[in-house]
Amino acid sequence: MNGRRLFSSGLALSLIFCCCASPVSLGDVSITKGPPATQTVKEQSGLQLPCNYQLPAGYRQSSSVILRWRKDNKTLRQAELGQASSTTSEPQLESMLREDARLTLNKQSGALLFASVLASDAGKYQCQLLVEGEMAASSSSGLLEVIEQLKFVPQPTSKNLELGSYSKVHCKAQGTPPPQVKWMRETQLPLPTNVTDQNGTLIFSQVSNDQRGQYTCFASNSQGQISATVSIGVVVAPKFSVPPEGPIETTEQGTVVMHCQAIGEPKPTIQWDKDLAYLNENNTDGERFTLMENGTVEIRNVQAEDEGRYGCTIGSSAGLKRAEVLLVVKSAKSASNSIVTRIIIVIICLAFLYFVLVLGLKVWYRYRRHLGKVQLEDATHAPTCDGHEHAEHEPCLTEANNSSKNLKSNKLRESPILEQESQVADEIV
């Protein structure tokens, strides 16, 4: 019995000793090689940042180990190590946390791979091993410097400038070190009048025809020199010389002519549309529709379905403009009713004018008759001169008395005539 107890105790101690002889501690999880302290590469070249790590086999049986790359203290890339890892000998690659097909992480070696380096990749990089419940094992930070390739951003393009306008043409370049940018005209000719170069921007204070031509932008630094040539054209924006006017009303089976003419440089084209659908020989009735070269549209034997909004678009490399006109098609019956209505309105207006005329004549004749009576009464009561009856008062004007008598006799003769005229006006009314 004692022997068995001693054997059991020795076996237990042996198991404890074996277990304690090979402990798995955090000190066995480490980064043996990280990115270099400083590394300089050219833009668009390939790059591999190393991250050699040490991870005991015991941790590989767990899925709580994460390999992570950081840039400027922000997570750039991470991958799970352990049971999720593949057992094949091929390098294991993972996708980026942010979409970027240029960057991949090799889970087996821990390296961060760049298919093509960009200027935006410059910064501080660090790789880490994170074990759940333990402190992270981190490499020292490495600074990546990128020599930016000399290039235009964006590439200068040709432009059409409107005559008499104030315009700009830009040319921007990037590179390490920052490049100098300047403009020249054609084959090293100086810039024309009213054109200046301000830090790579061509400024046209007043565009004129003599400024059209080829202009070249040069950018240079220690890497060398690049150039881009653009063509500057001078145009006149299209304008309507004869715009379509409306609305236009017509009857069925009638004829409609719509005009549209334009001016500009280069000469603008003219295109008609109906309800925003362009008109051409394929979608119009050739026997009824005529699209003339000068921009005029003629529609013969108009139908009800021809009603709608017709638009005229003028355009060239200098721009586009559009104007539209409404075409209203009335049926023959409605047109006949409209004519009858107009005739009735004209008759009513004429009758009203006739009534006003007659009423005015009546008032006028009554006014004349009243005026004649007043003058007749004044003549009847006028004073007379006979002997010395008024000698002590006022002198007697013989001529005035004679005029009064004549007026009285005239009024007596006109009185019957006025009465007759008044009776005639009454009968007319």
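In this text the structure is predicted, and so the values were computed from the model without any measurement. (Residues numbered from 1 in each chain as written. Predicted model: local features only at pLDDT ≥ 70, side-chain atom pairs only at ≥ 80, totals over all residues. Heavy atoms only, no water.)

**Q** I'd love a proper account of the sheet that holds strand S19 (residues 201–204), names of residues and values included.
**A** Read across the sheet, 3 strands follow the order S15-S19-S18 without closing on themselves; strand pairing throughout is antiparallel. If you trace the sheet from one side to the other, it starts and ends with strand S15 (167–170) and strand S18 (195–198), each paired once. The average angle at which neighbouring strand axes cross in this sheet is 20°, direction not considered. Two strands pair when backbone bridges link them, and S18 and S19 are joined in this way by 4 bridges, in the antiparallel orientation. The partner of Thr196 across the bridge, within S19, is Ile203. (Pairing = 2+ DSSP bridges. Helix = DSSP H or I, 4+ residues; strand = E, 2+ residues; numbered from the N terminus. Axes fitted to C-alpha atoms, helices over the stretch in contact; angles between N-to-C directions.)

**Q** Mind laying out the sheet that holds strand S23 (residues 256–258), listing which residues take part and the relevant values?
**A** Here we have 3 strands laid out as an open sheet, ordered S23-S28-S27, and antiparallel in their pairing. Every other strand in the sheet has two partners, leaving S23 and strand S27 (289–291) as the edge strands with one partner each. Shown here is a sheet whose adjacent strand axes are inclined to one another by a mean of 10°, direction ignored. Relative to strand S28 (residues 297–299), S27 runs antiparallel, the two sharing 3 bridges. Across the sheet, Phe289 pairs through a bridge with Ile299, a residue of S28.

**Q** Account for the UniProt feature "transmembrane region" (unreviewed entry) in the protein chain, naming residues and giving values.
**A** Mapped onto this numbering, the UniProt entry gives "transmembrane region" (unreviewed entry) at residues 343–365. Between the C-alpha atoms that bound residues 343–365 there is a distance of 33 Å. The span itself is 100% helix and 0% strand. (UniProt positions renumbered as here; feature names shortened; annotations may be inferred.)

**Q** Let's hear about the state of the cysteines: which residues, and what values?
**A** Using the criterion set out here, one finds 3 disulfides in the structure. Note that Cys51 is cross-linked by a disulfide to Cys127, the S-S spacing being 2.2 Å. Because the torsion about its S-S bond is 90°, the bridge between Cys51 and Cys127 counts as right-handed. Separated by 76 residues along the polypeptide, Cys51 in the loop between strand S3 (47–49) and strand S4 (52–54) and Cys127 in strand S10 (residues 123–131) bring together distant segments of the chain. The pair Cys51 / Cys127 is uniform in exposure class, with both members buried. Between the sulfur atoms of Cys171 and its disulfide partner Cys217 the distance amounts to 1.8 Å. Around the S-S axis, the bridge from Cys171 to Cys217 shows a dihedral of about -85° and counts as left-handed. Here Cys171, found in the loop between S15 and strand S16 (173–174), pairs with Cys217, found in strand S20 (residues 213–221); they are 46 residues apart in sequence, far enough to count as distant. For Cys171, a relative accessible area of 3% puts it in the buried group. (Disulfide = S-S within 2.5 Å. Buried < 20%, exposed > 50% of the residue type's maximum accessible area, 1.4 Å probe, protein only.)

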